[in-house]
Amino acid sequence: MPLPKGLPIHFGPFLVTPQVFHTTPLSFALVNLKPILPGHVLVSPRRVVPRVSDLTPPEAADLFLTVRHVGRMIERVYGASSLNIAIQDGAEAGQSVPHVHAHIIPRKKRDLNSTDEIYDKLDGEEGDLARGLKGRQGDDRERLRVDDEERVARGPEEMEAEAIMLAREMEKEPLD
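The shown structure was predicted, so the numbers you read here are calculated from the model rather than taken from an experiment. (Residues numbered from 1 in each chain as written. Predicted model: local features only at pLDDT ≥ 70, side-chain atom pairs only at ≥ 80, totals over all residues. Heavy atoms only, no water.)

1. Points about the environment of Ile118
As for its position among the elements, Ile118 is in helix H2 (residues 117-123). By relative accessible area, which is 0% here, Ile118 ends up buried. Excluding residues that lie within four positions of it along the chain, Ile118 makes contacts with Ile36, Leu37, Asn84, Ile105, Arg107 and Leu112. (Helix = DSSP H or I, 4+ residues; strand = E, 2+ residues; numbered from the N terminus. Buried < 20%, exposed > 50% of the residue type's maximum accessible area, 1.4 Å probe, protein only. Contact = heavy atoms within 4.5 Å.)

2. So, the side chain of Asn32
With respect to the helices and strands, the residue Asn32 is situated in the loop between strand E4 (27-31) and strand E5 (41-45). By relative accessible area, which is 1% here, Asn32 ends up buried. For Asn32, the side chain forms a polar contact with the main-chain nitrogen of Lys34, separated by 3.1 Å. (Polar contact = N/O pair within 3.5 Å; in protein donor to acceptor, adjacent residues only side chain to side chain.)

3. So, the side chain of Glu59
As for its placement among the helices and strands, Glu59 is situated in helix H1 (residues 57-77). The class of Glu59 is buried, set by a relative accessible area of 7%. If near-sequence neighbours (up to four positions away) are discounted, Glu59 is found in contact with Leu26, Arg47 and Asp54.

As structure tokens, then:
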């Protein structure tokens, strides 16, 4: 579903409308500021709630149907053979933005040193979205350090370009 013009979408306290590439009445999908692997995206409910248990049954159903739909597209577009789908449900579980969100990470054979390395990366600085977004405004073009000198957070133009490309790909994805 295309985005309604002028409707702001927030991920926790952060305005992320230009990063959004897919919406449903109850959920949205957005590109990631600091993807662990190419194609790493997030799916979140429109209503800002911190925990999965805070979702209404229709929100929970829509969230997981959206994860399924977006996941198929991500796997196709990024040539993946598998997906990691992860929800960090609360601060002690590693959730850095207090807004329910599912990570969808396309996986290929030997893309990381070990299968479980992805969980270390989700827990580490690569997964700390709040820290990366803090202080960023819509026009802030400064790139942020993520975890080392070679790894920087993406700028708004790069994320918006990916969102536009993924929105086009979502249009090709059949509904169930």
